[in-house]
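# Overview (structure and organization)
For reference, the chains in residue letters:
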Amino acid sequence: MSLYVDDPARLGTTCLSDGRLLGWAEWGPQDGLPVLLSPGAATSRWLGVGAGAAEAEGVRLVSVDRPGLGVSTPAPARTFADFVDDVRELTELRGLGPRPAMLGNSQGAPFALACAAAGVVSALTLVSAADEVAAPEFAAALPDELRDLVARVAEDPAGAERMFAGFGADAMRRMVLAGSPACDLAVYEDPGFAAAYGRALDEAFSQGAAAGYARDTVLAMGRWPFDLGAITVPVDVRYGEEDAAHSPDLGKRLVSRIPGAERTVVPGIGGALLWAAAEPILASLVETVRREGHGEAGGDRWRGGPRGR
C-alpha cells in the first residue's frame, strides 16, 4: 500500500446530453462534501490525492477525465468554455450541486480556473498550478526550451498540437522524473505511487492517441481566454518551495491577478505537494466551504465535516 495514494472507491462514466461519455473516479464518503478534482497532465481519473485524505476530511472527491483522456469521449477543438459546460452538466447529473468546490492540480489548474471564472464552483484550491506561461511578463523568465514551445503554440497551434500528440505514457513519465528534485522523487519512486501513476498514465493514453493530452497542453500553454479578475469565489494557491516546473515565480503573479486569492509556499517539497500534504490542503478547502456557507449536495445538507471529529 502506498503512503501517497489509494485506489478509487468508485469508478464510472456519465453520459452527457450530446452523447459523449465523461469518465470519473471517486474517493471518500458518498454523502461527503463534493469536491471536483481537475487532475494534472495525462494523469486521468485514476490518480487522486494523498492516501486517506478524502475520508479523513469527509470529502467526496470526484476526479474527472477531460475529453480524449482515459475513458472520456474525445472532443476535437474543444475549448476551456466547453470544459466548463461539461462540469456544469456533470455537477447536475451526479448530484454534486448546486456548486461544488474544486481542486486543480498542475495542468488541470487553468481548467479549474475557467470553472471559477464562470461561477460554476463555490471555492477553488490550486496545487502546483501550471501558470499562464504565455503571459508576456514571463517571457524573460522562461527557460529557452519552454519559451520556444510557448512561441510555437502561439504561432502554429495546430502544428504544436500535432507535436504534443506524439507523446505517450513512457515519455510523460520520463519527462516528469527528469525534472523532479529529490524531495519529489521520494514520492514518485514510492512503489505504490509509481504503480498508481503508471496506471493513470496508461489509461490516459488508452484510446490509442495522445489527442486529449495534446489539446490540454495547447490550451494551457496559450493565452487564457477568461478573466481572472472576474473570479469572485475564494481561491487558495499552493506551491512546493522546490517546484521549478509549474510557475516561474511560484504563483506570485497569478495570485495578484485573482481578487482575494491567497498563496502558500510549502518548504521541503516540489511538484509532488498534492500527494505529500493532501490532508491539510483538503482541510483548508473544507473550512473555506463551511465559512462561506456552501454545503448543499444533491439537495441534502452535507453532513458537516471530517469523520470522527
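Residues numbered from 1 in each chain as written. Predicted model: local features only at pLDDT ≥ 70, side-chain atom pairs only at ≥ 80, totals over all residues. Heavy atoms only, no water.

### Observations concerning the confidence of the model for the protein
Spelled out, the test is: Values of pLDDT, which run from 0 to 100, indicate the predictor's confidence residue by residue. The contact criterion used is simple: two residues touch if any of their non-hydrogen atoms lie within 4.5 Å.
Averaged over all residues, the pLDDT of the protein equals 93, while 94% of them reach at least 70. Confidence over residues 296-301 falls short of pLDDT 50; this stretch has ten contacts with residues more than four positions distant or in other chains. Confidence drops under a pLDDT of 50 for residues 303-309, and excluding neighbours within four residues, the segment shows 18 contacts in the predicted structure.

### Side note on the nonpolar core
Operational definition: Buried residues of nine kinds, namely Ala, Val, Leu, Ile, Met, Phe, Trp, Tyr and Cys, make up a nonpolar core once their side-chain atoms join them within 4.5 Å. Partly exposed describes any residue whose relative accessible area lies between the buried limit of under 20% and the exposed limit of over 50%, with all areas from a 1.4 Å probe on protein chains only and scaled to the type maximum.
Within the largest apolar cluster, 58 residues are counted, with the highest numbers of intra-cluster contacts made by Val49, Leu103, Phe193 and Trp275. Apart from residues lying up to four places away in sequence, Val49 is in contact with Tyr4, Val5, Leu37, Leu61, Leu103, Leu274, Trp275, Ala278 and Leu282. Of all hydrophobic cores here, the second largest spans 39 residues; its members include Leu16, Trp24, Leu228 and Leu250.

### So, the side chain of Asn105
Inclusion rule: Secondary structure elements are defined from DSSP: runs of H or I of at least 4 residues count as helices, runs of E of at least 2 residues count as strands, and each element is numbered from the N terminus. Any pair of nitrogen or oxygen atoms within 3.5 Å is treated as a polar contact; in protein, a donor-acceptor pairing is required on top of that, and neighbouring residues in sequence qualify only through side-chain atoms on both sides.
Among the secondary structure elements, Asn105 is positioned in strand β5 (residues 101-105). Within the structure, the side chain of Asn105 is placed 3.0 Å from the backbone oxygen of Val127, a separation counted as a polar contact. Setting aside its immediate chain neighbours within four residues, Asn105 contacts Ser38, Pro39, Gly40, Val127, Ser128, Leu274 and Trp275.

### Points about the layout of surface pockets
What counts here: Buried and open spaces are told apart on a 1 Å grid over the protein atoms alone, a cavity being a set of points where a 1.4 Å probe fits but cannot get out and a pocket being an open set with protein on both sides within 12 Å along at least five of seven lines. Residues with an atom within 4 Å of a point are the lining residues. Grid points are joined across faces, edges and corners, and a volume is the space filled by probe spheres set on the points. Amino acid classes used here: Ala, Val, Leu, Ile, Met, Phe, Trp, Tyr, Cys and Pro are nonpolar; Asp, Glu, Lys and Arg are charged; the rest, including Gly, are polar.
Roughly 1200 Å³ of volume is contained in the largest pocket. In terms of lining, the largest pocket is formed by 42 residues, of which the most central are Ser106, Leu146, Met175, Ala245 and His246. Residues that form the lining of the largest pocket fall into these classes: 26 nonpolar, eleven polar and five charged. There is about 160 Å³ of room inside the second largest pocket. Taken together, Leu124, Thr125, Pro234, Val235, Asp236, Gly260, Glu262, Ser284, Leu285, Thr288 and Arg291 make up the lining of the second largest pocket. Of all the secondary-structure elements, those providing two or more residues to the lining of the second largest pocket are β6 (124-127), β7 (235-240) and α12 (278-292). When residues in the lining of the second largest pocket are grouped by element, the largest group, four residues, is from α12. Residues belonging to the lining of the second largest pocket are distributed by class as follows: four nonpolar, four polar and three charged.

### Notes on the pattern of salt bridges
The condition that has to hold: The rule for a salt bridge is simple: a side-chain nitrogen of Lys or Arg has to be within 4 Å of a carboxyl oxygen of Asp or Glu.
The final tally for this structure, using the stated rule, is 20 salt bridges. Glu203 is the partner of Arg45 in a salt bridge, and the nearest nitrogen-oxygen pair spans 2.9 Å. Of this pair, Arg45 sits in the loop between β3 (33-38) and α1 (53-56) while Glu203 sits in helix α8 (residues 191-204); the two residues are 158 residues apart in sequence, bridging distant segments of the chain. Arg45 gets classed as buried once you look at its relative accessible area, which sits at 8%. Among the residues examined, Glu203 registers a relative accessible area of 14% and is labelled buried. Shared partners join several salt bridges into a network, and the residues in it are Arg10, Glu26, Arg60 and Arg94.

### What to know about unusual backbone geometry
Residue Pro98 is bonded to the preceding Gly97 through a cis peptide linkage, with omega at 5°. Residue placement: Pro98 occurs in the loop between α2 (80-93) and β5. One non-glycine residue, Ala77, lies in the positive phi region at around 65°. The topology assignment puts Ala77 in the loop between β4 (59-64) and α2.

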